[in-house]
Amino acid sequence: MAPPSRKSQPKNLRNPSNKAAISKVNRRSRTVSSQKSPLQLEDDAPDFPRGGGRSFRNEEKDVVGAILDNEIEADHRLLEKRRKGKKVQKRNQSGEDDIGSLFGDGIMGKLPRFSNRITLKNVSSGMKLWGVIAEVNEKDIVVSLPGGLRGIVRSCEAFDPILGGEVERDAENNVLSSIYVGQLVSCIVLQVDDDKKEIANRKIWLSLRLSLLHKGLTLDVIQEGMVLSAYVKSIEDHGFMLHFGCPYFAGFMSKHSKSEKGSGEARVGHILQGVVRSVDRARKVVHMDSDSDAISKCVTKELKGVSLDLLIPGMMVNARVQSTLENGIMLSFLAYFTGTVDVFNLDKTFPSSKWKDGYSKNMKINARILFIDPSTRAVGLTLNPYLIGNKAPPSLVKIGDIFDHAKVIRVDKESGLLLETPTLPVPTPIYVNVTDVADKEVKNLEKSFKEGSFVRVRVLGFRRLEGLAMGILKTSAIEGSVFTHSDVKPGMVVKAKIIIVDSFGAIVQFSSGVKALCPLRHMSEFEILKPRKKFQVGVELVFRVLGCKSKRITVTHKKTLVKSKLDILSSYADATDGLVTHGWITKIENHGCFVRFYNGVQGFAPRYELGLNPESDIGSMYHVEQVVKCRVAKCIPASRRIHLSLNMTLTRAVGVGSVKPGSLVAGVVEQVSPHEILVDIISSGHMKGTISLEHLADHHGLATLMMSALKPGYQFDQLLVLDIEGNSLVLTAKYSLINSAHELPVDTTQIRCHSTVPGYVCNIIESGCFVRFIGRLTGFAPKSKATDHWRADLSEVFFVGQSVRSNIVDVGSETGRITLSLKQSLCCSTDSSFIQEYFLLEEKIAKVQLLDSEGPELSWISAFDIGTIIEGKVHETKDFGVIINFEKYNDVYGFISHYQLAGTTVENNSTIRAVVIDVSKIERLVDLTLKPEFLDTPKEESCIMKIGKKRKIREYKKLELNQIVNALVEVVKETYLVLSIPSHNFAIGYASITDYNNQKLPPKQYTNGQSVIATVVALSNPTTCGRLLLLIKSLSDGMESSSSKRNKNKSRHDVGSLVQVEITEIKPLELRLKFGSVFHGRIHVTEAADDNSSENPFSEYRIGQTLSARIVSKRSMPYSSKGRYSWELSIKPSILKGSSDINGLIPAEDFNYSYGQNVSGYVYKIDNQWAWLTISRNVKAHLYVLDSSCEPSELADFQKRFPVGKALSCYIIGVNEEKKLLRVVLHPLAVAFGELKKDDPYCHPQFHIFEGTYVGGRIYKVLPGVGGLLVQIDQHLYGKVHFTELTDAWVSDPLSGYREGQFVKCKVLEISRAGNGKIHIDLSMRSTSNDRHDLKLTEHNSGMHSSTQHVDKLTDLYPNMVVQGYVKNISAKGCFVMLSRKIDAKVLLCNLSVNFVDSPEKDFPVGKHVSGRVLSVEPLSNRVELTLKTSTATSGLKSDAYSLNSIIVGDIISGRIKRVESYGLFISIDRTNVVGLCHVSELSDIHLDNIETKFNAGERVIAKVLKVDEERNRVSLGMKKSYFKDEETLQMISRQSVDDDVEKNGFMVVAESKSLLQNTSAAIENTSLEVDSGYQSVLADFGNRALVPPLEVLLDDVEIPDDEVDVDNVPNAAHAEIVEEENEKRAKKKAREEREQEIRAAEDRLLEKDIPKSADECEKLVRSSPNSSFIWIKYMEFMLSLADVEKARSIAERALRTINIREESEKLNIWVAYFNLENEYGNPPEDAVMKVFQRALQYCDPKKVHLALLGMYQRTEQHKSACELLDKMARKFKRSCKVWQCHIQSLLKQNSDGTQSVVNRALLCLPRHKHIKFISQTAILEFKCGVPERGRSLFEGMLREYPKRTDLWSIYLDQEIRLGDGDVVRALFERAISLCLPPKKMKFLFKKYLAYEKTIGDEERIESVKKKALDYAESTLT
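Residues numbered from 1 in each chain as written. Predicted model: local features only at pLDDT ≥ 70, side-chain atom pairs only at ≥ 80, totals over all residues. Heavy atoms only, no water.

A.B. asks: Quick question: what am I supposed to make of the sheet that holds strand β42 (residues 881–885) here?
C.D. replies: What holds strands together in a sheet is hydrogen bonding between their backbones, with the strands either parallel or antiparallel. Judged by pairing direction, the barrel is mixed, and its five strands sit side by side in the order β41-β42-β43-β45-β44 before closing back on the first. Averaged over all pairs of adjacent strands, the angle between strand axes in this sheet comes to 55°, irrespective of strand direction. Pairing of strand β43 (residues 893–897) with strand β45 (residues 925–929) involves three bridges; the strand directions are parallel. Directly across from Tyr 893, in β45, lies its bridge partner Leu 925. (Pairing = 2+ DSSP bridges. Helix = DSSP H or I, 4+ residues; strand = E, 2+ residues; numbered from the N terminus. Axes fitted to C-alpha atoms, helices over the stretch in contact; angles between N-to-C directions.)

The following block contains the structure:
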């Protein structure tokens, strides 16, 4: 075996002292090793002897044993100590778990120790919380939650997209506008960040969507007094339509209600809170009120069946105290729920240590729900007085505040301290956790802090929802420099501990807990590749704060910055000139570097301030993130610019002070580099300057040549100082800038708008160009103003350094920004500077190139003056011309182009005489000409030079500056043209083809001999190198000199001039003209005649016609405008007759129009809403469509009636002077402006609608119900047409025929103004609204005549007057009838009809047309009462009606219950109008309680007349059974009452025969085979058969045999009554069955009377009721009785076409009849039935059609077809429980054994939620039709899965009771009552058990059940 390892030895043996003792023993053992015993006992031998060793002797063992004993005891003590620690830790952990865990109302056993508390550990998705808005940001909301938690709501989760694009369109711009800080909101948790994150970094994501909060909310649950939140869905005139997040109902809130904060300006999508005032369940509308007082006081009532999902945070409830907990109390509320309140949410702000004494058991208090956790069913409540009042607690402290005198209110032993701080207006509670009490651990809080003592505290945080501040008492926190983010200042030096190190940098934490980021680049002076090695977590280092923005703190650990003693630069205001500070480089560019300082401040250090050599690279000396020491050279705080210098000295060379930007200097070239030239300034104290390549010349090509030719030593006579950069000057040699040096601006004060200033391009960006002048003065030319073609790419038009001429557009007064225009059309050259500089620079370059040559080499230039004649020899003839040599100048060549040969033929080596027309001094090339016009000189050779010079001087004297001449192009050069002037002896001139601003653009193409127009801009002189300089007209179009204007053609056109014009185009509204040579203009249609009445004023003119016109105006149109004419002319006779004096001829057009004035104009634009007219050249008018007519047909043809060019005469109703726009109408105004009353608020000049006028309108909205129409009568004006003002005659549906958008003619009845300033207009659409005549209608049963008169005044009414109207609303007490728009009449319930009204809402729906008689009129109270009863009985009543006199005491009468009161029943006696009273004592032989539950209004009863009081018109009745001894009399009375019912209601009943009708009725009844849980509804349907026509039986009715209907089978038998009630139900059931037989007999009798005898009678019935399937089927049956099958088929087809498509049930009846017809007479029947079946599937519900066909197959016993159809249905409708039930029922009726397989298939196909329903119904069928044992197995399987469902137990018990096996039933009852169920469910089971024993068992069993119930009750209470 291997030796034991070192780790396996006991720790004590590894102790040195122990080792010494053992070694001592070993030494002793070695001394006696030789005396080893030869024998060794077995006990002494070691178990595992080590090889090569020996065993201990006995004394050695004793020593070692003692040592090991001591070691074991020590280890034992250590283990015990650890166990105790673990127990304590486990105990504490269990306590913490108890505090942090949530428990719900389902907790069983002992009460919890602590109240529910929300923490990050137990917050879960789906939890509902109440919170208060803490922050509203741009994209999210921060919500303060219970327990000091904070949640985040994204902007998309703040509302529901209730209106799709409409709400999203209004909410996108201002999503969070309705949310404000301090608002209480209910929210739901969407997500909590993963547990892997640090707890402090985990976020709670919330949602405010009401669709999630109100999930499960239904209209049935909403009651009056509930407080609900809702979105504003739309804003109406009187209030807001609301959306609760549920699509099944809506809400309405009136604007006049007192609104809460923020709801006054509510918009679509905003959330409002209100109290439910009423619930209109018929219309599914909840009416709300936003009264804040009512909201704060409303308490939620106890609701039946309320679930946890319906609880909403913030809901106030009545609660009772159940018990007190260690840190709160437990409450019960809403009967079912329990919740807890922690100590921070009690009703006292400062609860003392004895706070538990204030809460006794069962104490009633109001509480609000704080949170709900659906997963644990935990509910938290609050008693905070502010929250109870629905207000957020005030926030009176700020984080970081220090309070020196905070009073200790309560000391919690293991939690902390509660303090009271003296804030105003109320003190604020502060709670200090035990960990924040002191810097050192405090073991006993009660000793260290006494209640009532004062301490110094600092606010650490604030819980907004509880109004509780969190504090800290630690001295380090109170005296520390950094406590919160607000304490952090840029530049602070702080100590922080590193908590995270990552690739992005390090996260550090201050001592107060505030965290900051140290970016990777700021962790060290140098780049760090592995930051984790240098920075270790937990190490505390020194940092300096760089910036603090939005709670994000950035620090640096760069040593230079941390240890810097220089001033901190943290704002632009601190940047004073000369300030020296530290910064770090953030970016390096060619022209300098950017330096960053604290708090985001940034500056720029130009290259010349970096202390570098001209050729040095910045990157070689500096690098990004390098810390540098810099000096502020200049700062402009307003523009946030800082100019820096890395040179700390302010030394400047001698003479710098005398040289300023803009001055001219001279210099000598010292050094030439590829891109710039270093110049030594002459006489300036050794100053240096630089000239860049671009600044050597205005022409870029010559600048390159100049740079290549320059050598050190060349002297520039004139250089312009552009800027001074340190000790160096920035110079330019551009002629354009030097020549205009005195005009160049230095600052913005020297700039004048619209002036043209030369400059140079310093930068080009995509949006424009920057142009610089002197110094740093820079202007910006936007792209739209940089070129005439704005689409051009600026980089292709300009280059950096280019010389430009700029036009000043604008100078910002505040910003100082200069806006320029570089368009060639505005900035073209007006002088010769551009081409003059070209020739001067060319001469300089030629001289520079020949600096090393002597005199003879330069003489050739003077020998070739322009215009001289010179001899030369032809050297060579080329395709492009002839090359000439000169004898004296071998290096100079001449050139004659083919054009200049002028047809002359020359030969090689021949001598020719030619005239010099151009000289290129750089290329040493001379252009010559042989044209005769240039050679017209004497032939003496000796005089050639002299004569040439004289000729030149003579010719040039004839030319003047700015003279415009016609010239010919002689030579086309690259940049200029050589021109000749024929009118001045062919003088030679030169013109540039480019300009400053278009150098880079391709020049215009010219050809030799082309004629151009040019202006003389410079005569020949030395400054022009002896050349005549011209300016081509194409370059000078944009700007002309004054002298050129004087030399223009004197025939100019001014306003007022009479000109001859030619028509070029004729349009409906203008003539387009041309006159002069280049002028265009137009004649507006209003300038064709003196008035605008002519329909087509241009009809007599033709294109090309010439006529006289006078110029009336000239417009300044923009250059970019095309197709617009700047000249306006007139041909009005009155204007043409006048003189040319414009002042008297054409007066200025004043905009002087008034209300009602008649004007004329022409239509120039038309759309479907407006017609636009032109009144004059500058005045427009518009005509609204509704102002054009009042006839609907004309309004519909609006666009056709007003074509473009149509002349109209209108009247002004509105004037807009600013836009010069008029609003007009076509009809004269009813009231002139002068007649308007000044004090009449409706008679505004623009208000052109008056009472009594007819107006055109457009239906804007068809209001629901009897609201009428909302009609638009103007652009923003609407009127209302009352429901009674829609038609002249009283019709049943006056709204029919009207649709939205329809044009109508209305009459203005009344104009009124509401209190809020809104105008209300009442309209009428009746043509006889002012007539008052009566039209007699059909005679009523009463014999009275009704009139169509519309009663508008109350005085027109009188008693017994017959009037008509429409039902306005209906209630349980009666209805209101609209007689007119101002008069409503009341009709009591008793006056609605002479017959009993079962359902007033159905018989008198809103909008029904009724006729009645006036009972009373009260003018003072404006009340009218009507009766809708007629004076005689209806035709349905028999003539033998008897009155009160015929009623005899003792008679047995029948009647209906009219009203049920607590003291008796009011019974309406049949065949009379008498109502009798049956007192409660006469109802039964035994005493009855709560008769309201026993009798209902409308029930038919039989009573005995006990007393008749004729004087008081009273009849007393009795209903005791003892009064009715004769059963035959009773049956006779009952049968007679049934006959009366049948006659009154006029129902047509069909006898049950073997006819087609019988099969159809049976088919309909058998279509529904599903056994529904609501059996009582089935019984109610059977009971009401007398009120329903036979063919209107719905397909969803349940067919159950009479012998199978049992009240005990109701699944909801949990609400069953006592045994007596069940006996009464059985009696009523028997009575209903007897009544059904009587009704069937009555139907048979009625049918025999009403059977049609002919086809004509059938046609009459069909026409009277076209949608009645009953009549159609009777018609078909009649034809079958005549053996006309084809006619019966045609009638069926006709019925299917005639019956309305909405009457689906009626159509289905016809299809069923069609099935029966084809099944009986089809050939073959199977195919015929299937054809009809396939057709029926296309029109009706397929499931219903299949069930109908199945019913027919089963009735006709076609089992095979039925089975095939059932298989098909099982596949097609496999998710329908009804289909599977039909399948199983069919199998059971056929005694088939395949039910189990069908059940299994059904369970696989049906959804999970239908399983219980299907299995329970299948089990019932098994009990009734199949094998009961299979039914038991099904029930047992369900009960195993759902043992606590009492409805299943009830059905199971009912089926067993039905079988009658007492032992089985009792055993089942015993199982049921042994369950652990809630008391209510157990009560139901005991009552059912007791009722069973009372029915079947004996007294002993009854007492046994009672005893068991008592035992259960006692066990529950204990």
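A.B. asks: Help me out: how do you make sense of the environment of Leu 1208 in this one?
C.D. replies: Within the element layout of this structure, Leu 1208 appears in strand β59 (residues 1207–1216). On the basis of relative accessible area, Leu 1208 is assigned to the buried category, the value being 9%. The spatial distance from the C-alpha of Leu 1208 to the C-alpha of Asn 1092 is 8.3 Å, given a sequence separation of 116 residues. For Leu 1208, the residues in contact, after removing those within four places along its chain, are Val 1159, Ser 1160, Gly 1161, Val 1163, Leu 1173, Phe 1202 and Leu 1226. (Buried < 20%, exposed > 50% of the residue type's maximum accessible area, 1.4 Å probe, protein only. Contact = heavy atoms within 4.5 Å.)

A.B. asks: How should I be thinking about the pairing of strand β11 (residues 316–325) in this particular structure?
C.D. replies: For a regular strand, side-chain orientation follows a simple rule: the groups alternate between the two sheet faces. Note that β11 and strand β14 (residues 364–373) share five bridges and pair antiparallel. Its bridge partner being in β14, Met 316 is matched across the sheet by Arg 368. The hairpin formed by β11 and strand β12 (residues 328–333) contains two residues between the paired strands.

A.B. asks: What is the right way to look at helix α31 (residues 1655–1664) in this model?
C.D. replies: Every α-helix carries 3.6 residues per turn, so stepping three or four residues along brings you back to the same face. When α31 is considered as a whole, its buried residues turn out to be Cys 1658, Glu 1659 and Val 1662. One side of α31 carries all its buried residues, which in axial view fall inside an arc of 100°. Along α31, exposed side chains directed more than 90 degrees from the buried face belong to Asp 1656, Lys 1660 and Ser 1664. On its buried face, α31 sits against α32 (1669–1681) and α33 (1685–1698). (Arc of directions from axis to C-beta.)

A.B. asks: Just checking my understanding: could you explain the packing of aromatic side chains for this structure?
C.D. replies: Each aromatic ring pair is specified by the distance between its two centres and by the angle formed by the two planes. Taken as a whole, this structure holds 34 aromatic pairs when the rule is applied. Look at Phe 333 and Phe 337: their rings are 5.8 Å apart centre to centre, the planes differ by 25°, and that puts the pair in the stacked class. Both residues of the pair, Phe 333 and Phe 337, belong to the buried class. Aromatic pair Phe 1283 and Tyr 1366: ring centres 4.9 Å apart, planes at 85°, arrangement edge-to-face. Within this pair, whereas Phe 1283 is found in the loop between β63 (1277–1281) and β64 (1303–1313), its partner Tyr 1366 is found in strand β66 (residues 1362–1371), the two being separated by 83 residues in sequence. Relative accessible area serves as the criterion here: at 2%, Tyr 1366 is assigned to the buried category. Aromatic rings pair up to connect Tyr 838, Phe 839, Tyr 976 and Tyr 990 into one cluster. We note Arg 1027 situated over the ring of Phe 839; from NZ or CZ to the ring centre the distance is 4.1 Å. The aromatic ring of Tyr 1254 is capped on one face by Lys 1305, whose charged end is 5.0 Å from the ring centroid. (Phe/Tyr/Trp six-rings, centres within 6.5 Å; stacked < 30°, edge-to-face > 60°. Lys NZ or Arg CZ within 6 Å of the ring centre and 35° of its normal.)

A.B. asks: Help me understand the side chain of Glu 625, please; the structure alone is not making it clear to me.
C.D. replies: One can find Glu 625 in the loop between α11 (618–621) and β29 (627–636). Of note is the side chain of Glu 625, whose polar atom sits 3.4 Å from the side chain of Arg 521. Leaving out residues up to four positions away in the same chain, Glu 625 has contacts with Arg 521, His 522, Lys 558, Trp 584 and Ile 585. (Polar contact = N/O pair within 3.5 Å; in protein donor to acceptor, adjacent residues only side chain to side chain.)

A.B. asks: What should I look at first to understand the packing of α31 against α32 in this one?
C.D. replies: The relative placement of two packed helices comes down to the angle between their axes together with the axis-to-axis distance. Packing of α31 against α32 leaves a shortest axis separation of 9 Å and a crossing angle of 165°. Taken together, the axes of α31 and α32 lie roughly antiparallel to each other. Viewed along their axes, α31 and α32 form a crossing whose handedness is left-handed. Between α31 and α32, the residues in contact are Ala 1655, Cys 1658, Glu 1659, Leu 1661 and Val 1662 and Ile 1671, Trp 1672, Tyr 1675, Phe 1678 and Met 1679, respectively. Here the residues of the contact of α31 with α32 sort into nine nonpolar, no polar and one charged. (Parallel < 35°, antiparallel > 145°, perpendicular 65-115°, else oblique. Left-handed = near helix turned anticlockwise from the far one by under 90°. Nonpolar A, V, L, I, M, F, W, Y, C, P; charged D, E, K, R; others polar.)

A.B. asks: Would you mind going over the packing of helix α40 (residues 1811–1825) against helix α41 (residues 1828–1841) with me for this structure?
C.D. replies: Contact geometry of α40 with α41 gives a least axis separation of 7 Å together with a crossing angle of 155°. Comparing their axes, α41 and α40 come out roughly antiparallel. Where α40 crosses over α41, the two elements pack in a sense that is left-handed. Contacts between α40 and α41 involve Ile 1812, Ile 1815, Ser 1816, Thr 1818, Ala 1819, Ile 1820, Glu 1822 and Phe 1823 from the first element and Pro 1828, Arg 1830, Gly 1831, Arg 1832, Leu 1834, Phe 1835 and Met 1838 from the second. Considered class by class, the residues forming the contact of α40 with α41 number nine nonpolar, three polar and three charged.

A.B. asks: Explanation requested: helix α16 (residues 833–849) in the structure shown.
C.D. replies: Taking 1.5 Å of rise per residue, 17 residues should cover 24 Å, and α16 covers 24 Å from first to last C-alpha, within 8% of that figure. When you tally the buried positions in α16, you get twelve out of 17 residues, the bulk of the element. In this structure, the buried residues of α16 make contact with α12 (700–709), α13 (735–739), β44 (911–920), β47 (976–981), β48 (987–992) and β50 (1028–1032). (Expected span 1.5 Å × (residues − 1).)

A.B. asks: Before we go on, may I ask you to explain the pairing of strand β10 (residues 285–289) in this structure?
C.D. replies: Here β10 lies mainly inside the structure; four of its five residues are buried. Counting the residues in the hairpin turn of strand β9 (residues 271–280) and β10 gives four residues, including Lys 284, whose phi is positive at 60°.

A.B. asks: How do you make sense of the sheet that holds strand β7 (residues 239–243) when you look at a structure like this?
C.D. replies: Within the closed barrel, the five strands sit side by side as β6-β7-β8-β10-β9. Their pairing is mixed. Pairs of neighbouring strands in the sheet enclose a mean axial angle of 50°, with direction left out of account. In this sheet, β7 lies alongside strand β6 (residues 227–235) in antiparallel orientation, the contact comprising four bridges. When the sheet's bridge partners are listed, Ser 234 is paired in β7 with Met 241.

A.B. asks: Which parts of the structure should I look at to understand the nonpolar core?
C.D. replies: The nonpolar side chains of a soluble globular protein tend to be buried, and buried together. In terms of nonpolar packing, the biggest core is built from 67 residues, with Leu 696, Phe 716, Leu 731, Phe 864, Ile 896, Leu 928 and Tyr 990 touching the most fellow members. Dropping the residues within four chain positions of it, Phe 864 is found in contact with Ile 870, Phe 886, Tyr 889, Val 892, Val 916, Val 919 and Val 926. Membership of the second largest hydrophobic core comes to 46 residues, among which are Leu 228, Met 288, Leu 334 and Leu 346. (Core = buried A, V, L, I, M, F, W, Y, C linked by side-chain atoms within 4.5 Å.)

A.B. asks: Help me out: how do you make sense of the environment of Arg 1258 in this one?
C.D. replies: Of note, Arg 1258 is situated in strand β61 (residues 1254–1262). When its relative accessible area of 13% is taken as the criterion, Arg 1258 is described as buried. The spacing of Arg 1258 and Leu 1270 is twelve residues in sequence and 8.6 Å in space, taken between C-alpha atoms. Apart from residues lying up to four places away in sequence, Arg 1258 is in contact with Gln 1169, Tyr 1184, Val 1185, Leu 1186, Leu 1270, Val 1271, Gln 1272, Gly 1301, Gln 1302 and Phe 1303. Within polar-contact distance, the side chain of Arg 1258 engages the side chain of Gln 1169 at 3.0 Å.

A.B. asks: Just to check I follow, could you spell out the state of the cysteines for this structure?
C.D. replies: Think of a disulfide as a covalent bridge from one cysteine sulfur atom to another cysteine sulfur atom. Applying the stated criterion across every chain, the model contains zero disulfides. With no disulfide of its own, Cys 769 lies 9.3 Å from the sulfur of Cys 762, the closest cysteine sulfur. By relative accessible area, Cys 769 is classed as buried at 0%. Note on Cys 828: no disulfide assigned, nearest cysteine sulfur contributed by Cys 827 at a separation of 8.0 Å. (Disulfide = S-S within 2.5 Å.)

A.B. asks: What exactly am I supposed to notice about the pattern of salt bridges here?
C.D. replies: Close approach of charged atoms lets side chains of opposite charge pair. All told, the structure shown has 53 salt bridges when counted by the stated rule. Note that Asp 723 and Arg 776 form a salt bridge whose closest N and O atoms lie 3.2 Å from each other. Of this pair, Asp 723 sits in strand β34 (residues 715–725) while Arg 776 sits in the loop between β37 (768–772) and β38 (778–782), placing them 53 residues apart in sequence. In this structure Asp 723 comes out as buried when scored by relative accessible area, which is 13%. In the salt-bridge network here, residues are joined through shared partners; they are Glu 1065, Glu 1070, Arg 1072, Arg 1082 and Glu 1128. (Salt bridge = Lys/Arg side-chain N within 4 Å of Asp/Glu carboxyl O.)

A.B. asks: So what exactly am I meant to see when it comes to unusual backbone geometry here?
C.D. replies: Negative phi values dominate among residues other than glycine, just as trans dominates among peptide bonds. Here Leu 424 and Pro 425 are connected by a cis peptide whose omega angle stands at 5°. Position of Pro 425 relative to the elements: it lies in the loop between β17 (416–421) and β18 (428–433). Asn 1723 connects to Pro 1724 through a cis peptide bond whose omega is -15°. Relative to the elements of secondary structure, Pro 1724 occurs in the loop between α34 (1704–1721) and α35 (1725–1739). With a phi close to 70°, Asn 909 is a non-glycine residue in the positive phi region. Along the chain, the position of Asn 909 falls in the loop between α18 (898–901) and β44. Judged by its relative accessible area of 58%, Asn 909 is exposed. A positive phi angle, close to 60°, is found at Glu 1757, a residue other than glycine. By the secondary structure assignment, Glu 1757 is in the loop between α36 (1742–1755) and α37 (1759–1772).

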